[in-house]
Amino acid sequence: MNETSAVLVTGGAGYIGSHVAWALHDAGRRAVVLDDLSAGRRELAPADAPFVEGDAGDIGLVARLARDHGCGAVMHFAGSIVVSESVAKPELYFRNNTAVTGRLVEACLEAGIERFVYSSTAAVYGQPESVPIGEDTPLRPINPYGRSKLMSEWMLADAAAAHRFECVSLRYFNVAGADGRGRTGQVSPAATHLIKIACEAALGRRDGVEIYGEDYDTPDGTCIRDYVHVTDLADAHLAALKHLEGGGGSLTLNCGYGKGASVRQVLAEVEDAAGRPLAVSGAPRRPGDAVSLVADAARIRDVLGWRPGNDDLATIVSSALEWERRLQGAQPAAAEA
Ligand code: UFG
């Protein structure tokens, strides 16, 4: 299989998956979208991409889709992503993230798919003793979400060691922003992510923003994260696919910019972009939160030649705000073919 083969995108109607489906579309690649629509929306994925509503852990379905559409690679985004929910309901994360990934690997082996790009997370590191965080930092997740993703990384690595099967696992830092052409963005009705919540507040859709912990050991007392624009993240997936198609072997790479921003800095940026103050209040620390997560981002630049074009917090925030305005004004932009 080569560049003419299709790519099966699980979770391709969700936030990150739909951006990658559009990036494949824009690059002239065929994407096949599989999504159970538990969090995604059909209209967020490109209209010309075959869409199947179903479970990424359904081995028979995945193997059939892969054969019917001539898929040479899988990009796996389907899963659960909310750290605090994982603390309350770990079993959900072990099923939706770990078990589903295991079954998806079986389906790939059955269908002869040899290339896999996995949506992993900085949460596999837990709270390392020092930042920035290189890929060789000890893996000590501090919440079930991180553990569910780390177990998946290990299963993929074991499959890669045993079979003709190569995997790039991308460990995302904090993904935010939206497609520059307004075709997709974050739609979850019950947002938990800081930038989305702050943008909703800036547009009057919620009363204000709570800061979960102001007594951390950081310059302003609030947690620090490395925010990455979703368009740059999508580009990294295409670069990972190219790497595998060019005969490159399995890799694990951080996907972040290597720049940290505190919760307060993010809120100030949203206030700037919106041109109005936010009603901000203090709240207790959120269970499962790490203090500071900032990538050492050298390897992905070296190995994949990744050159992010939006690595600036103001750009990310204005893109997220623009999408929220769009959502407020109407439905998400109709997906264009
Ligand atoms: N925060 C607030 N108030 C809010 C929402 C968030 O203070 O209303 C704070 C959080 O406590 C945290 C920071 O903002 O300190 C970022 O929180 P998010 O919920 O936006 O993102 P997380 O850092 O919890 O998690 C995200 C992804 C994970 C990924 C992780 C890696 O959801 O998938 O980044 O950095 F693992």
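These numbers were taken from a predicted model, which means no experiment stands behind them. (Residues numbered from 1 in each chain as written. Predicted model: local features only at pLDDT ≥ 70, side-chain atom pairs only at ≥ 80, totals over all residues. Heavy atoms only, no water.)

## So, the overall build of the protein chain
Formally: Put simply, DSSP H or I for four residues or longer makes a helix, DSSP E for two residues or longer makes a strand, and each gets a number counted from the N terminus. Atoms counted for the radius of gyration: C-alpha only. Globule rule: 2.2 Å times residue count to the power 0.38. Throughout, a residue-residue contact means that at least one pair of heavy atoms, one from each residue, lies within 4.5 Å. For the accessible areas, the method is Shrake-Rupley and the probe is 1.4 Å, while residue cover comes only from the protein chains on display. A residue counts as positive if it is Lys or Arg and as negative if it is Asp or Glu; His and the chain ends are not included. For the purpose of locating charges, the reference atoms are NZ of Lys, CZ of Arg, CG of Asp and CD of Glu.
Within the protein chain one finds 10 helices and 14 strands. Here the C-alpha atoms of the protein chain give a radius of gyration of 19 Å, agreeing with the 20 Å that 2.2 N^0.38 yields for 337 residues. Principal-axis analysis of the C-alpha atoms places the extent of the protein chain at approximately 55 × 45 × 35 Å. Contacts in the protein chain between residues at least 24 apart in sequence constitute 79% of all its contacts with a sequence separation of at least 6. Accessible surface, the protein chain as shown: approximately 13,700 Å² in total, 48% of it carbon and sulfur. Charge separation in the protein chain, taken as the distance between the mean sites of 32 positive and 44 negative side-chain charges, equals 2 Å.

## Focus on the site of the ligand
Stated precisely, the cut-off is as follows: The cutoff for a nearby residue is simple: one of its non-hydrogen atoms must lie within 4 Å of the molecule or strand. In protein, a polar contact means a hydrogen-donor-capable atom and an acceptor-capable atom, both N or O and within 3.5 Å, with residues adjacent in sequence counting only if both atoms are side-chain atoms; elsewhere, any N or O pair within 3.5 Å suffices. When residues are grouped by polarity, Ala, Val, Leu, Ile, Met, Phe, Trp, Tyr, Cys and Pro land in nonpolar, Asp, Glu, Lys and Arg in charged, and all others, Gly among them, in polar.
Neighbouring residues of the ligand: 21 residues in total, closest Thr121, Asn174, His193, Arg225 and Asp289. A distance of 2.7 Å separates an oxygen atom of the ligand from a polar atom in the side chain of Arg225. Here an oxygen atom of the ligand and a side-chain polar atom of Asp289 are 2.5 Å apart. No other element matches the 3 residues that strand β8 (residues 209–212) contributes to the shell around the ligand. Of the residues contributing to the shell around the ligand, the split by class is 13 nonpolar, 4 polar and 4 charged.

## Points about the packing of aromatic side chains
Here is the rule: Aromatic pairing here means that ring centres of Phe, Tyr or Trp (its six-membered ring) are within 6.5 Å. Orientation follows from the plane angle: under 30 degrees is stacked, over 60 is edge-to-face, and everything else is tilted. Burial classes: relative accessible area under 20% of the type maximum marks a residue as buried, over 50% as exposed, and values in between as partly exposed (1.4 Å probe, protein chains only).
One pass over the full model with this rule turns up 3 aromatic pairs. Relative to Phe165, the ring of Phe116 has its centre 5.8 Å away and its plane inclined at 50°; by these criteria the two rings are tilted. With Phe116 in strand β5 (residues 115–121) and Phe165 in the loop between α5 (144–162) and β6 (166–172), the pair connects residues that are 49 residues apart, well separated along the chain. Exposure class is identical for Phe116 and Phe165. Each is buried. With centroids separated by 6.1 Å and ring planes inclined at 15°, the aromatic side chains of Tyr257 and Trp306 adopt a geometry described as stacked. Residue Tyr257 is found in the loop between β11 (251–255) and β12 (261–262), and its partner Trp306 is found in the loop between α9 (298–304) and α10 (313–329); the two are separated by 49 residues along the sequence.

## Remarks on the sheet that holds strand β14 (residues 292–293)
Applied cut-off: Two strands pair if DSSP finds at least two bridges between them.
One open sheet accounts for 3 strands, arranged β12-β9-β14; its pairing is mixed. Every other strand in the sheet has two partners, leaving β12 and β14 as the edge strands with one partner each. Relative to β14, strand β9 (residues 224–225) runs parallel, the two sharing 2 bridges. Bridging from a neighbouring strand, Arg225 pairs with Leu293 of β14.

## Notes on the nonpolar core
For clarity, the cut-off: Each nonpolar core is a collection of buried residues, namely Ala, Val, Leu, Ile, Met, Phe, Trp, Tyr and Cys, held together in the definition by side-chain atoms within 4.5 Å.
Counting 72 residues, the largest nonpolar core has Ile16 and Ile195 as its most contacted members. Examining the composition of this core, we find that 8 residues originate from one element, helix α7 (residues 230–245), more than from any other. Those residues in contact with Ile195 that lie beyond four places of it in its chain are Ala176, Tyr227, Val266, Leu313, Ile316, Val317 and Ala320. Membership of the second largest hydrophobic core comes to 24 residues, among which are Leu34, Ala56, Ala160 and Cys167.

## Some remarks on the side chain of Thr121
The residue Thr121 is located in strand β5 in this model. A residue is classified by how much of its surface remains accessible, and Thr121, at 7% relative accessible area, is buried. A distance of 2.9 Å separates a polar atom in the side chain of Thr121 from the backbone nitrogen of Ala123. For Thr121, the contacting residues outside a window of four places in its chain are Tyr145, Lys149, Leu170, Arg171 and Tyr172.

## Remarks on the sheet that holds strand β3 (residues 51–53)
Stated precisely, the cut-off is as follows: Axis definition: a line fitted to C-alpha atoms, limited for helices to the stretch in contact. Angles are taken between N-to-C directions and run from 0 to 180 degrees.
With parallel pairing, 7 strands are arranged side by side in an open sheet as β3-β2-β1-β4-β5-β6-β11. Two strands lie at the open edges of the sheet, namely β3 and β11, each paired on one side alone. Along the sheet, successive strands turn relative to each other by an average axial angle of 20°, direction set aside. In the sheet, strand β1 (residues 6–10) pairs with strand β4 (residues 71–76) via 5 bridges, with the strands oriented parallel. Looking across to β4, one finds that Ala6 is bridged to Cys71.

## Concerning the confidence of the model for the protein chain
Definition in use: By definition, pLDDT measures how confident the predictor is in each residue, and it falls between 0 and 100.
Summarising the model, the protein chain shows a mean pLDDT of 95, and 97% of its residues fall at 70 or more. A low-confidence stretch, residues 331–337 stays under pLDDT 50, and its non-local contacts, those more than four residues away or across chains, total 21 contacts.

## A word on the state of the cysteines
Where two cysteines share a covalent bond between their sulfur atoms, that bond is called a disulfide. Under the convention used in this document: Our working definition of a disulfide is a cysteine sulfur pair at a distance within 2.5 Å.
Applying the stated rule across the entire model yields 0 disulfides. We note that Cys71 lacks a disulfide partner, and the nearest cysteine sulfur, in Cys108, lies 9.4 Å from it. Taking the relative accessible area as the measure of exposure, Cys71 reaches 3% and is therefore buried. Cysteine Cys167 shares no disulfide, and the gap to the nearest cysteine sulfur, in Cys108, comes to 9.4 Å.

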